[in-house]
Amino acid sequence: KQEVTQIPAALSVPEGENLVLNCSFTDSAIYNLQWFRQDPGKGLTSLLLIQSSQREQTSGRLNASLDKSSGRSTLYIAASQPGDSATYLCGTLNTNAGKSTFGDGTTLTVKP
Amino acid sequence: GAVVSQHPSRVICKSGTSVKIECRSLDFQATTMFWYRQFPKKSLMLMATSNEGSKATYEQGVEKDKFLINHASLTLSTLTVTSAHPEDSSFYICSARDMRAEAFFGQGTRLTVV
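The paragraphs below set out a description of the structure included in this document. (Residues numbered from 1 in each chain as written. Chains lettered and ligands numbered in written order. Predicted model: local features only at pLDDT ≥ 70, side-chain atom pairs only at ≥ 80, totals over all residues. Heavy atoms only, no water.)

Taken together, the contact between chain A and chain B spans 18 residues of the former and 20 residues of the latter. Taken together, both faces of the contact between chain A and chain B bury some 1500 Å²; the carbon and sulfur share is 49%. Interface area lost by chain A to chain B is led by Leu44(A), Phe102(A) and Asp104(A), which between them contribute 30%. For the pair chain A and chain B, the number of links is two salt bridges. Asp104(A) is paired through a salt bridge with Lys42(B); the nearest N and O atoms lie 3.7 Å apart. Summed over the shared surface of chain A and chain B, the number is eleven residue pairs in polar contact (both at pLDDT 80 or more). Put simply, the parts of the chain that give the side of chain A that touches chain B at least two residues each are β4 (30-38), β5 (44-51), β9 (86-94) and β10 (100-102) of chain A. Along the lines of polarity and charge, the residues of the side of chain A that touches chain B split into six nonpolar, nine polar and three charged. (Contact = heavy atoms within 4.5 Å. Buried area = accessible area lost by both parts, 1.4 Å probe. Salt bridge = Lys/Arg side-chain N within 4 Å of Asp/Glu carboxyl O. Polar contact = N/O pair within 3.5 Å; in protein donor to acceptor, adjacent residues only side chain to side chain. Helix = DSSP H or I, 4+ residues; strand = E, 2+ residues; numbered from the N terminus. Nonpolar A, V, L, I, M, F, W, Y, C, P; charged D, E, K, R; others polar.)

A few words now on the packing of aromatic side chains. All names here are of chain A. Applying the stated criterion across every chain yields a total of seven aromatic pairs over all chains. Ring geometry for Phe 36 versus Phe 102: centroids 5.9 Å apart, planes at 55°, classification tilted. In this pair, Phe 36 is assigned in strand β4 and Phe 102 in strand β10, connecting sequence segments 66 residues apart. Residues Phe 36 and Phe 102 agree in their burial class; the two are buried. (Phe/Tyr/Trp six-rings, centres within 6.5 Å; stacked < 30°, edge-to-face > 60°. Buried < 20%, exposed > 50% of the residue type's maximum accessible area, 1.4 Å probe, protein only.)

Residues and elements named next belong to chain B. On the basis of which strands lie adjacent, the open sheet formed by four strands has the order β1-β3-β8-β7 and antiparallel pairing. Each end of this open sheet is capped by a strand with a single partner; those strands are β1 (4-7) and β7 (67-73). Strand-to-strand twist across the sheet, computed as the mean angle between neighbouring axes with direction ignored, equals 15°. Note: β1 against strand β3 (residues 19-25), four bridges, orientation antiparallel. (Pairing = 2+ DSSP bridges. Axes fitted to C-alpha atoms, helices over the stretch in contact; angles between N-to-C directions.)

Applying the stated criterion across every chain, the model contains two disulfides over all chains. The partner cysteine of Cys23(A) in its disulfide is Cys90(A), sulfur to sulfur 2.0 Å. Between Cys23(A) and Cys90(A) the disulfide shows an S-S torsion of about 75°. By sign, it is right-handed. Placement of the pair is Cys23(A) in strand β3 (residues 19-25) and Cys90(A) in strand β9, with a sequence separation of 67 residues. Here Cys23(A) falls in the buried class, since its relative accessible area comes to 2%. According to the relative accessible area criterion, Cys90(A) is buried, its value standing at 0%. In this model Cys23(B) forms its disulfide with Cys94(B); the gap between the sulfur atoms is 2.0 Å. (Disulfide = S-S within 2.5 Å.)

Written out as structure tokens, the structure is:
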């Protein structure tokens, strides 16, 4: 059974700092891995999708990497802004049964 | 990206009544949609997989007679919480995947049963 872990659970940084969020998964049999942003009381917004054959994806100040063999993914946020404050979740689409597994998220606070 | 719309965003109902939540894929067809429940500071718990034109597949421990799912078209799935109790109060979110298998989520519904 796939397990997805995100560390740390919470992170607070000053504005302008570069930061890395971590996601690890136990089963490498995945179709893809996705990073999401969730604001309080809202749904999940897709940030980046990495297919299993890809190593990384970039969108603006965000860069996500995937190392399937080691079961790890990172989300790099450059030049953080207060508006980046949110909970970030990663999720895998597993080849076994075609279901998704999500981590508990990392709650990011960017202080002005 | 694709858009999944979920309504209502908030609902308060009395114990014993039923509540219907709608999930629509606005710009793509979704033969399969997913319903999740999210507890505070916790991840998403898959409740059921909604299949267009057929019965939903429920996860272990989820009461199918309590959480009725209907997927009558390629763009609409509904979740009805029947005979709601305070312990059903939670945040419910739907999701669908596009042709690239990218997941898109609705805005979520905060259900409060009083």
